[in-house]
Amino acid sequence: MSAQFDFDAYFRSKPAILAPMEDVTDAVFRKICRDRGADLCFTEFVNVEGLLRGCKNAAHKIDLEPHDHPTVIQIYGADADRLAEAAEVAERAQPVWIDVNCGCWVPKIARRGAGAGWLRDPDAMVAMAKMLVQRVSLPVTVKTRIGYEGEVHAGTGMIVGDMPILDLARRLEDVGVRALTLHCRTARMGHSGQADWSWARRVREVVSMPVLVNGDVKSADDAERAVRDTGCEGVMIGRHAIDHPWIFREVRARLDRGETVAAPTIDERFATCREHLLAMVAERGEARAVRAMRRYYPGYLHGVHGGAVARRELNTTETLEGVLALFERLEQRARTGSPAAAA
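Note that residues are indexed from 1 along each chain, following the sequence as it is written. Local features in a predicted model are, by the rule used here, given only for residues with pLDDT of at least 70; side-chain atom pairs are given and counted only at 80 or more, and totals for whole chains, interfaces and linings are based on all residues. Side-chain measures here rest on the full set of heavy atoms in the structure, leaving out hydrogens and waters.

A. The overall build of the protein, seen in detail. Helix and strand content of the protein: 17 helices and ten strands. Note on method: radius of gyration uses C-alpha positions; expected globular size equals 2.2 Å times residues raised to 0.38. Since a compact globule built from 343 residues should have a radius of gyration of about 20 Å, the 21 Å found for the protein is in line with a globular shape. For the protein, the C-alpha atoms occupy an extent of roughly 65 × 50 × 40 Å along the three principal directions. In this scheme, a residue with accessible area under 20% of its type's maximum is buried, one over 50% is exposed, and one in between is partly exposed, where area comes from a 1.4 Å probe on protein chains only. For the protein, the proportion of its 343 residues judged to be buried stands at 55%. Under the DSSP-based scheme used, a helix requires at least four consecutive residues in state H or I and a strand at least two consecutive residues in state E, with every element numbered from the N terminus.

So this is what it looks like as structure tokens:
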């Protein structure tokens, strides 16, 4: 599969990409988003130690079916040698490229030196990236943040002070990294505050490789503004895709044709939710799937009459039969507007 992928040509299309998210961007959710316009999808984070030990869960994350394309495998770890070894394993799964997670802010990851922990030692991060580039034939990319910590201006919300990302981006490009995804917050910020896209523009001005904007891309308007204001090659969408996987078709319509497409209908929301649930059951088994789907209901049922009440019941329903029965009652109520239909 990877041999058919033109890396450089791909970025000329201003892609809208599904971000890697743990326990979210599995093969099922990748298909949901890809069918709704995502140009490319990332796997969940793959722990290199688990992958190299033969951990079943890690191996499953890089098991890409022929239809699951184009997909990027993202790996994370704190040891450069182990990352390089894991990249060789991941390459055999034939993703379109391999990405290194240098941006995960979660303390249990970053404090051990993985994820955003690499930002504490830019020299080591560059040396690690160089090693991976030399060890695999596929393109290697990096997803990171603008720095590990920094000060946010109280009035503007902008991140002030010196950040390592400008020099770091140049150095990563020099050792052969092919593209950079920039989450425009510091690691210390986590998901708090506002993503400062001005850093993506500044990075784009100092490198030739493609740069993707990540952080607070919540709509087609946001995507259009991010690409226009930063000059970057595309956007990566994370948390908002959980609530609204249709964002990808909305972004594509805006970037390709300048159009605003209609929001998903109530019928489409139910159909997508049911499709997702049944595919999850086939992938994970009934009990795990029913529980895992609970994170998606707020988005799927947004704007549905009676949806808030139904979500509370869905969060305590443990069987597929019970969930589908609740869907039927809720769908009937949404169509008729009759409270009795949901009783």
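B. Fine view of the packing of helix H13 (residues 266–284) against helix H17 (residues 320–336). Here an angle of 0 to 180 degrees is reported between the N-to-C directions of two axes, which are lines fitted to C-alpha atoms, with helices fitted over the stretch in contact. Running from amino to carboxyl end, H13 crosses H17 at an angle of 175°, the nearest separation of the two axes being 11 Å. Regarding the angle of H13 to H17, the classification is roughly antiparallel. Facing Ile-266, Asp-267, Phe-270, Cys-273, Arg-274, Leu-277, Leu-278 and Val-281 of H13, the residues of H17 in contact are Leu-320, Val-323, Leu-324, Phe-327, Glu-328, Leu-330, Glu-331, Ala-334 and Arg-335. Our angle categories are set so that under 35 degrees counts as roughly parallel, over 145 as roughly antiparallel, 65 to 115 as roughly perpendicular, and the remainder as oblique. Residues are treated as being in contact if the distance between any of their heavy atoms lies within 4.5 Å.

C. Representation of the confidence of the model for the protein. Overall, the predicted model of the protein reaches an average pLDDT of 92, with 94% of residues at or above 70. Per-residue pLDDT stays below 50 along residues 338–343; that stretch engages in nine contacts with residues further than four places along the chain or on separate chains. Here pLDDT means the predictor's own confidence in every residue, given as a number from 0 to 100.

D. How the structure looks around the environment of Ile-266. Here Ile-266 is to be found in helix H13. With 39 residues separating them along the chain, Ile-266 and His-305 place their C-alpha atoms 9.5 Å apart. Apart from the residues lying within four places of it in its own chain, the contact partners of Ile-266 are Gly-303, Val-304 and Ala-334.

E. Quick look at the packing of helix H5 (residues 80–91) against helix H7 (residues 122–135). Two elements in contact, H5 and H7, have axes separated by 9 Å at closest approach and are oriented at 30°. Relative to H7, H5 is oriented roughly parallel. Our pair here, H5 against H7, has a crossing hand that is right-handed. Side by side, H5 and H7 meet where Ala-80, Asp-81, Leu-83, Ala-84, Glu-85, Ala-87 and Glu-88 of the first sit next to Met-128, Met-131, Leu-132 and Arg-135 of the second. Residue polarity is assigned by list, with Asp, Glu, Lys and Arg as charged and Ala, Val, Leu, Ile, Met, Phe, Trp, Tyr, Cys and Pro as nonpolar; anything else, Gly included, falls into the polar class. Partitioned by chemical class, the residues of the contact of H5 with H7 number seven nonpolar, no polar and four charged. Each helix crossing is assigned a hand: it is left-handed if the near helix lies turned anticlockwise from the far helix by less than a right angle, otherwise right-handed if that turn is clockwise.

F. Expanded view of the side chain of Asp-222. Structurally, the position occupied by Asp-222 is in helix H10 (residues 220–230). Given the relative accessible area of 15%, Asp-222 is considered buried. Aside from chain neighbours lying at most four places away, what touches Asp-222 is Trp-197, Asp-216 and Val-217.

G. Geometry of the packing of aromatic side chains. Between the rings of Phe, Tyr and Trp (Trp by its six-membered ring), a pair exists once the centres lie within 6.5 Å; its type follows the angle of the planes, with under 30 degrees stacked, over 60 edge-to-face, and the other angles tilted. Applying the stated criterion to the full structure yields 13 aromatic pairs. Here the aromatic rings of Phe-45 and Tyr-76 are separated by 6.4 Å at their centres, their planes lie at 85°, and the arrangement is edge-to-face. Here Phe-45, found in strand S2 (residues 40–47), pairs with Tyr-76, found in strand S3 (residues 71–76); they are 31 residues apart in sequence, far enough to count as distant. For Phe-45, a relative accessible area of 18% corresponds to the buried category. Since its relative accessible area comes to 14%, Tyr-76 is described here as buried. Centre to centre, the rings of Tyr-297 and Phe-327 are 6.0 Å apart; their planes meet at 85°, and the pair counts as edge-to-face. Highlighted residues: Tyr-297 in helix H15 (residues 297–300) and Phe-327 in helix H17, separated in sequence by 30 residues. An aromatic cluster is built from Phe-5, Phe-7, Tyr-10, Phe-11, Phe-42 and Trp-97, whose rings are joined through pairwise contacts. Looking at Arg-178, its charged tip hangs above the ring of Phe-7, at a distance of 4.4 Å from the centre. Think of it as a cone above the ring: NZ of Lys or CZ of Arg counts as a charge over the ring if it is within 6 Å of the ring centre and within 35 degrees of the ring normal. In this arrangement the basic side chain of Arg-202 is found over the ring face of Trp-199, its NZ or CZ atom lying 3.8 Å from the centre.

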